[in-house]
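The lines below spell out each chain.
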Amino acid sequence: MPTKTKEKSKLNHVAADPGLFVHRLIAYIVLFVLCFICLFFFYVLIINSTHNNFTIQRGFTALPGKSFFVNLTNTTHDANIPVLSGLRNSLVVAACSAALSVYFSSLTAYAVYAYDFKGKNVLFAIVLLIMTMPTQVSALGFLNLMDKFHMTNTLWPLILPSVAAPSVVFFMKQFMDSSLPREIIEAARIDGSGEFYTFNRVILPILAPGMAVQAIFSFVASWNNYFIPALIIDDAKMKTMPILIAQLRSADFLKFDMGKVYMMIFIAILPVMVVYLCLSKYIVRGVALGSVKG
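Calculation rules
Residues numbered from 1 in each chain as written. Predicted model: local features only at pLDDT ≥ 70, side-chain atom pairs only at ≥ 80, totals over all residues. Heavy atoms only, no water. Helix = DSSP H or I, 4+ residues; strand = E, 2+ residues; numbered from the N terminus. Buried < 20%, exposed > 50% of the residue type's maximum accessible area, 1.4 Å probe, protein only. Contact = heavy atoms within 4.5 Å. Core = buried A, V, L, I, M, F, W, Y, C linked by side-chain atoms within 4.5 Å. 1 Å grid on protein atoms, 1.4 Å probe; cavity = no way out; pocket = protein on both sides within 12 Å on 5 of 7 lines; lining within 4 Å. Points joined across faces, edges and corners; volume = space filled by probe spheres on them. Nonpolar A, V, L, I, M, F, W, Y, C, P; charged D, E, K, R; others polar. Axes fitted to C-alpha atoms, helices over the stretch in contact; angles between N-to-C directions. Parallel < 35°, antiparallel > 145°, perpendicular 65-115°, else oblique. Left-handed = near helix turned anticlockwise from the far one by under 90°. Disulfide = S-S within 2.5 Å. Polar contact = N/O pair within 3.5 Å; in protein donor to acceptor, adjacent residues only side chain to side chain.

### Focus on the overall build of the protein chain
If you tally the helices and strands in the protein chain, you get 15 helices and zero strands. In the protein chain, which comprises 294 residues, the proportion classed as buried is 36%. Summarising the internal contacts of the protein chain: among those between residues at least 6 apart in sequence, 74% fall at separations of at least 24.

Structure representation (C-alpha coordinates):
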(Lines give C-alpha, C1' and ligand atoms only; values in the text may rest on other atoms or scores of the structure.)
Protein backbone atom coordinates (compact mmCIF):
# COMPACT_ATOMS: atom_id res chain seq x y z
CA MET A 1 0.00 0.00 0.00
CA PRO A 2 2.72 2.57 0.79
CA THR A 3 4.34 1.76 -2.55
CA LYS A 4 1.13 2.50 -4.46
CA THR A 5 0.73 5.78 -2.57
CA LYS A 6 4.30 6.74 -3.41
CA GLU A 7 3.77 5.94 -7.10
CA LYS A 8 0.58 8.00 -7.17
CA SER A 9 2.39 10.97 -5.64
CA LYS A 10 5.10 10.71 -8.32
CA LEU A 11 2.49 10.62 -11.08
CA ASN A 12 0.72 13.62 -9.60
CA HIS A 13 4.04 15.48 -9.37
CA VAL A 14 4.79 14.74 -13.01
CA ALA A 15 1.29 15.79 -14.10
CA ALA A 16 1.58 19.04 -12.14
CA ASP A 17 4.88 19.96 -13.81
CA PRO A 18 4.49 20.22 -17.63
CA GLY A 19 8.23 20.68 -18.14
CA LEU A 20 9.05 17.45 -16.31
CA PHE A 21 6.36 15.64 -18.29
CA VAL A 22 7.85 16.84 -21.60
CA HIS A 23 11.36 15.81 -20.55
CA ARG A 24 10.18 12.35 -19.59
CA LEU A 25 8.19 12.02 -22.80
CA ILE A 26 11.26 12.90 -24.86
CA ALA A 27 13.36 10.42 -22.87
CA TYR A 28 10.84 7.62 -23.47
CA ILE A 29 10.67 8.43 -27.19
CA VAL A 30 14.47 8.37 -27.51
CA LEU A 31 14.66 5.08 -25.61
CA PHE A 32 11.93 3.58 -27.79
CA VAL A 33 13.74 4.62 -30.97
CA LEU A 34 17.04 3.19 -29.74
CA CYS A 35 15.36 -0.03 -28.68
CA PHE A 36 13.66 -0.31 -32.06
CA ILE A 37 16.94 0.26 -33.92
CA CYS A 38 18.69 -2.42 -31.84
CA LEU A 39 15.94 -5.03 -32.15
CA PHE A 40 14.94 -4.36 -35.76
CA PHE A 41 18.04 -6.06 -37.19
CA PHE A 42 17.38 -9.16 -35.09
CA TYR A 43 13.85 -9.15 -36.44
CA VAL A 44 15.15 -8.90 -40.02
CA LEU A 45 17.54 -11.78 -39.35
CA ILE A 46 14.81 -14.03 -37.94
CA ILE A 47 12.36 -13.18 -40.74
CA ASN A 48 14.92 -13.73 -43.50
CA SER A 49 15.90 -17.08 -42.01
CA THR A 50 12.35 -18.24 -42.79
CA HIS A 51 12.54 -17.28 -46.50
CA ASN A 52 14.35 -18.96 -49.38
CA ASN A 53 17.01 -17.36 -51.54
CA PHE A 54 14.61 -16.22 -54.28
CA THR A 55 12.22 -14.50 -51.83
CA ILE A 56 15.05 -12.71 -50.03
CA GLN A 57 16.49 -11.37 -53.29
CA ARG A 58 13.12 -9.87 -54.21
CA GLY A 59 13.25 -7.64 -51.14
CA PHE A 60 12.45 -7.57 -47.44
CA THR A 61 9.03 -8.57 -46.21
CA ALA A 62 7.85 -8.22 -42.64
CA LEU A 63 5.93 -11.50 -42.67
CA PRO A 64 7.68 -14.82 -41.95
CA GLY A 65 8.04 -17.34 -44.75
CA LYS A 66 7.66 -21.10 -44.94
CA SER A 67 11.27 -22.10 -45.57
CA PHE A 68 12.61 -22.12 -42.02
CA PHE A 69 12.98 -25.90 -41.71
CA VAL A 70 14.18 -26.16 -45.31
CA ASN A 71 16.95 -23.66 -44.59
CA LEU A 72 17.74 -25.43 -41.31
CA THR A 73 18.01 -28.80 -43.07
CA ASN A 74 20.13 -27.41 -45.90
CA THR A 75 22.44 -25.69 -43.44
CA THR A 76 22.95 -28.60 -41.04
CA HIS A 77 23.36 -31.18 -43.82
CA ASP A 78 25.88 -29.27 -45.92
CA ALA A 79 28.95 -31.50 -46.22
CA ASN A 80 31.21 -28.53 -46.98
CA ILE A 81 30.02 -26.48 -43.98
CA PRO A 82 30.03 -28.64 -40.79
CA VAL A 83 27.72 -26.44 -38.75
CA LEU A 84 27.24 -28.81 -35.80
CA SER A 85 30.97 -29.33 -35.26
CA GLY A 86 31.54 -25.58 -35.70
CA LEU A 87 28.87 -24.87 -33.10
CA ARG A 88 30.48 -27.35 -30.72
CA ASN A 89 33.94 -25.88 -31.24
CA SER A 90 32.72 -22.34 -30.69
CA LEU A 91 30.87 -23.36 -27.51
CA VAL A 92 33.95 -25.09 -26.11
CA VAL A 93 36.25 -22.19 -26.95
CA ALA A 94 33.89 -19.44 -25.76
CA ALA A 95 32.85 -21.19 -22.52
CA CYS A 96 36.38 -22.18 -21.53
CA SER A 97 37.79 -18.78 -22.48
CA ALA A 98 35.14 -16.95 -20.46
CA ALA A 99 35.65 -19.15 -17.40
CA LEU A 100 39.45 -18.95 -17.45
CA SER A 101 39.48 -15.24 -18.24
CA VAL A 102 37.06 -14.28 -15.49
CA TYR A 103 38.54 -16.46 -12.74
CA PHE A 104 42.26 -15.83 -13.26
CA SER A 105 41.78 -12.15 -14.07
CA SER A 106 39.75 -11.74 -10.87
CA LEU A 107 42.50 -13.57 -8.98
CA THR A 108 45.11 -11.23 -10.46
CA ALA A 109 43.04 -8.16 -9.67
CA TYR A 110 42.56 -9.46 -6.11
CA ALA A 111 46.33 -9.76 -5.68
CA VAL A 112 46.80 -6.16 -6.83
CA TYR A 113 43.93 -4.96 -4.62
CA ALA A 114 44.58 -6.91 -1.42
CA TYR A 115 48.38 -6.81 -1.20
CA ASP A 116 50.78 -3.90 -0.81
CA PHE A 117 54.13 -4.66 -2.43
CA LYS A 118 56.91 -2.76 -4.14
CA GLY A 119 56.21 -2.04 -7.80
CA LYS A 120 52.47 -2.57 -7.44
CA ASN A 121 51.55 0.59 -9.35
CA VAL A 122 54.15 -0.13 -12.04
CA LEU A 123 52.75 -3.63 -12.52
CA PHE A 124 49.22 -2.30 -12.88
CA ALA A 125 50.44 0.34 -15.35
CA ILE A 126 52.03 -2.43 -17.46
CA VAL A 127 48.67 -4.21 -17.52
CA LEU A 128 47.06 -1.02 -18.79
CA LEU A 129 49.74 -0.62 -21.48
CA ILE A 130 49.15 -4.17 -22.71
CA MET A 131 45.49 -3.24 -23.24
CA THR A 132 46.56 -0.72 -25.88
CA MET A 133 48.41 -3.31 -27.98
CA PRO A 134 46.35 -4.54 -30.96
CA THR A 135 46.04 -8.28 -31.51
CA GLN A 136 47.38 -7.96 -35.05
CA VAL A 137 50.75 -6.74 -33.75
CA SER A 138 51.56 -10.02 -32.01
CA ALA A 139 49.64 -12.32 -34.37
CA LEU A 140 52.65 -13.43 -36.44
CA GLY A 141 54.78 -14.20 -33.41
CA PHE A 142 51.86 -16.04 -31.79
CA LEU A 143 51.34 -18.10 -34.93
CA ASN A 144 55.05 -19.06 -35.06
CA LEU A 145 54.98 -19.99 -31.38
CA MET A 146 51.94 -22.22 -31.80
CA ASP A 147 53.53 -23.84 -34.82
CA LYS A 148 56.66 -24.67 -32.80
CA PHE A 149 54.49 -26.17 -30.05
CA HIS A 150 52.58 -28.19 -32.70
CA MET A 151 49.29 -26.69 -31.49
CA THR A 152 47.95 -25.50 -34.83
CA ASN A 153 44.64 -27.02 -35.93
CA THR A 154 43.68 -27.42 -32.27
CA LEU A 155 41.48 -25.36 -29.98
CA TRP A 156 44.14 -24.84 -27.31
CA PRO A 157 45.61 -21.65 -28.86
CA LEU A 158 42.13 -20.12 -28.72
CA ILE A 159 41.56 -21.05 -25.06
CA LEU A 160 44.84 -20.79 -23.14
CA PRO A 161 45.68 -17.11 -23.94
CA SER A 162 42.40 -16.08 -22.28
CA VAL A 163 44.07 -16.72 -18.90
CA ALA A 164 45.82 -13.36 -19.38
CA ALA A 165 43.09 -10.79 -20.07
CA PRO A 166 44.31 -7.27 -19.18
CA SER A 167 40.94 -5.60 -19.78
CA VAL A 168 39.20 -7.99 -17.38
CA VAL A 169 41.94 -7.43 -14.78
CA PHE A 170 41.45 -3.69 -15.04
CA PHE A 171 37.66 -3.92 -14.77
CA MET A 172 37.75 -6.27 -11.77
CA LYS A 173 40.32 -4.08 -10.00
CA GLN A 174 38.04 -1.06 -10.42
CA PHE A 175 35.07 -3.16 -9.33
CA MET A 176 36.89 -4.16 -6.13
CA ASP A 177 37.86 -0.55 -5.42
CA SER A 178 34.19 0.47 -5.43
CA SER A 179 32.44 -2.61 -4.03
CA LEU A 180 34.80 -4.73 -1.92
CA PRO A 181 35.55 -3.50 1.63
CA ARG A 182 39.06 -4.35 2.77
CA GLU A 183 37.66 -5.08 6.24
CA ILE A 184 36.16 -8.31 4.89
CA ILE A 185 39.59 -9.54 3.77
CA GLU A 186 41.19 -8.53 7.07
CA ALA A 187 38.45 -10.25 9.06
CA ALA A 188 38.92 -13.47 7.08
CA ARG A 189 42.67 -13.37 7.73
CA ILE A 190 42.13 -12.80 11.45
CA ASP A 191 39.84 -15.85 11.53
CA GLY A 192 42.68 -17.93 10.10
CA SER A 193 41.33 -18.33 6.58
CA GLY A 194 43.87 -19.14 3.88
CA GLU A 195 44.25 -16.79 0.94
CA PHE A 196 42.76 -19.12 -1.68
CA TYR A 197 39.94 -20.11 0.67
CA THR A 198 39.21 -16.43 1.31
CA PHE A 199 39.16 -15.66 -2.38
CA ASN A 200 37.07 -18.66 -3.42
CA ARG A 201 34.57 -18.68 -0.56
CA VAL A 202 34.38 -15.07 0.65
CA ILE A 203 35.44 -12.77 -2.19
CA LEU A 204 33.99 -14.55 -5.25
CA PRO A 205 30.34 -14.30 -4.08
CA ILE A 206 30.78 -10.54 -3.69
CA LEU A 207 32.43 -10.26 -7.11
CA ALA A 208 29.79 -12.43 -8.82
CA PRO A 209 27.90 -9.53 -10.51
CA GLY A 210 31.07 -8.02 -11.98
CA MET A 211 32.37 -11.43 -13.01
CA ALA A 212 29.07 -12.23 -14.71
CA VAL A 213 29.29 -9.01 -16.74
CA GLN A 214 32.83 -9.82 -17.82
CA ALA A 215 31.82 -13.41 -18.56
CA ILE A 216 29.23 -12.10 -21.02
CA PHE A 217 31.77 -9.83 -22.72
CA SER A 218 34.46 -12.53 -22.79
CA PHE A 219 32.05 -15.13 -24.15
CA VAL A 220 30.81 -12.84 -26.92
CA ALA A 221 34.34 -11.69 -27.84
CA SER A 222 35.59 -15.26 -28.03
CA TRP A 223 32.50 -16.41 -29.92
CA ASN A 224 32.85 -13.67 -32.54
CA ASN A 225 36.64 -14.00 -32.85
CA TYR A 226 37.58 -14.59 -36.47
CA PHE A 227 41.12 -13.30 -36.94
CA ILE A 228 43.13 -15.71 -34.73
CA PRO A 229 41.09 -18.86 -35.52
CA ALA A 230 41.47 -18.14 -39.24
CA LEU A 231 45.27 -18.11 -38.79
CA ILE A 232 45.48 -21.16 -36.55
CA ILE A 233 42.88 -23.57 -37.93
CA ASP A 234 42.80 -25.20 -41.35
CA ASP A 235 41.07 -28.46 -40.49
CA ALA A 236 37.35 -28.29 -41.33
CA LYS A 237 36.40 -30.28 -38.21
CA MET A 238 38.09 -27.74 -35.91
CA LYS A 239 36.74 -24.55 -37.48
CA THR A 240 34.56 -22.22 -35.42
CA MET A 241 31.31 -20.55 -36.44
CA PRO A 242 32.77 -17.20 -37.64
CA ILE A 243 35.06 -19.06 -40.05
CA LEU A 244 32.20 -21.19 -41.36
CA ILE A 245 29.97 -18.14 -41.85
CA ALA A 246 32.72 -16.38 -43.81
CA GLN A 247 33.31 -19.55 -45.80
CA LEU A 248 29.62 -19.83 -46.67
CA ARG A 249 29.42 -16.13 -47.53
CA SER A 250 32.36 -16.39 -49.94
CA ALA A 251 30.90 -19.33 -51.84
CA ASP A 252 30.34 -19.33 -55.58
CA PHE A 253 27.67 -16.82 -56.61
CA LEU A 254 25.74 -19.43 -58.57
CA LYS A 255 25.56 -21.66 -55.49
CA PHE A 256 25.11 -18.82 -53.03
CA ASP A 257 22.03 -19.26 -50.83
CA MET A 258 20.99 -16.26 -48.74
CA GLY A 259 18.54 -18.40 -46.80
CA LYS A 260 21.38 -20.60 -45.58
CA VAL A 261 23.48 -17.56 -44.67
CA TYR A 262 20.72 -16.05 -42.54
CA MET A 263 20.03 -19.43 -40.96
CA MET A 264 23.72 -19.87 -40.16
CA ILE A 265 23.85 -16.44 -38.51
CA PHE A 266 20.63 -17.20 -36.63
CA ILE A 267 22.13 -20.43 -35.28
CA ALA A 268 25.34 -18.59 -34.39
CA ILE A 269 23.65 -15.92 -32.25
CA LEU A 270 21.39 -18.29 -30.31
CA PRO A 271 24.05 -19.33 -27.73
CA VAL A 272 25.03 -15.70 -27.21
CA MET A 273 21.41 -14.74 -26.56
CA VAL A 274 20.99 -17.63 -24.10
CA VAL A 275 24.15 -16.67 -22.18
CA TYR A 276 23.09 -13.03 -22.04
CA LEU A 277 19.59 -13.87 -20.81
CA CYS A 278 21.01 -16.15 -18.12
CA LEU A 279 23.55 -13.61 -16.83
CA SER A 280 21.90 -10.27 -17.57
CA LYS A 281 20.29 -10.09 -14.12
CA TYR A 282 23.77 -9.75 -12.61
CA ILE A 283 24.33 -6.53 -14.57
CA VAL A 284 21.55 -4.79 -12.63
CA ARG A 285 22.74 -6.41 -9.41
CA GLY A 286 26.25 -5.13 -10.07
CA VAL A 287 24.95 -1.55 -10.18
CA ALA A 288 23.26 -1.98 -6.80
CA LEU A 289 26.26 -3.69 -5.21
CA GLY A 290 27.94 -0.37 -4.58
CA SER A 291 25.79 -0.01 -1.45
CA VAL A 292 27.75 -2.81 0.26
CA LYS A 293 30.67 -0.57 1.00
CA GLY A 294 28.45 2.00 2.62
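### Let's talk about the nonpolar core
Nonpolar side chains in soluble globular proteins tend to be buried together. Within the largest apolar cluster, 23 residues are counted, with the highest numbers of intra-cluster contacts made by Ile81, Val83, Phe219, Trp223, Met241 and Met264. Listed by contribution, the elements that provide at least two residues to this core are helix 5 (83-114), helix 11 (195-223), helix 13 (241-249) and helix 14 (258-279). Per-element tally for this core: the top contributor is helix 14, with 10 residues. Once residues lying within four places of it in the same chain are set aside, the contact partners of Ile81 are Thr75, Leu244, Gln247, Leu248 and Met264.

### Notes on unusual backbone geometry
Even without being glycine, His150 reaches a positive phi, approximately 55°. Structurally, His150 is set in the loop between helix 7 (135-148) and helix 8 (156-159). In the Ramachandran plot, Asn153 falls in the positive-phi region, its phi being about 60° despite a non-glycine side chain. Mapping Asn153 onto the fold places it in the loop between helix 7 and helix 8. Here Asn153 falls in the partly exposed class, since its relative accessible area comes to 29%.

### Some words on the layout of surface pockets
Put simply, the largest pocket is a space of about 1,200 Å³. Residue lining of the largest pocket: 40 residues in total, with Thr135, Pro161, Ala164, Ala165 and Pro166 positioned closest to the centre. Contributing elements (two or more residues each) for the lining of the largest pocket: helix 5, helix 6 (120-131), helix 7, helix 8, helix 9 (166-179), helix 11 and helix 12 (227-232). Take the lining of the largest pocket: its biggest share by element is nine residues, from helix 5. Classifying every residue of the lining of the largest pocket by side-chain character gives 27 nonpolar, 13 polar and no charged.

### Details of the side chain of Ser90
Structurally, Ser90 can be placed in helix 5. Residues contacting Ser90, with those up to four places away along its chain left out, are Trp223, Thr240, Met241 and Pro242.

### Concerning the packing of helix 6 against helix 9
When two helices pack together, their arrangement is given by the angle between the helix axes and the distance between those axes. It is the contact of helix 6 with helix 9, at a shortest axis distance of 8 Å, that shows an interaxial angle of 130°. In terms of their interaxial angle, helix 6 and helix 9 are classed as oblique. Viewed along their axes, helix 6 and helix 9 form a crossing whose handedness is left-handed. Judged by residue contacts, Phe124, Val127, Leu128, Ile130 and Met131 of helix 6 engage Pro166, Ser167, Val169, Phe170, Lys173 and Gln174 from helix 9.

### Quick word on the state of the cysteines
By definition, a disulfide links the sulfur atoms of two cysteines through a covalent bond. Summed over all chains, the structure comprises zero disulfides. We note that Cys35 lacks a disulfide partner, and the nearest cysteine sulfur, in Cys38, lies 6.8 Å from it. We classify Cys38 as partly exposed; its relative accessible area is 49%.

### Remarks on the side chain of Lys260
Looking at the element boundaries, Lys260 is found in helix 14. A polar atom in the side chain of Lys260 sits 2.7 Å from the side chain of Asp78. Once you skip the residues sitting within four places of it in the chain, Lys260 turns out to touch Asn71, Asn74, Thr75, Asp78 and Leu248.

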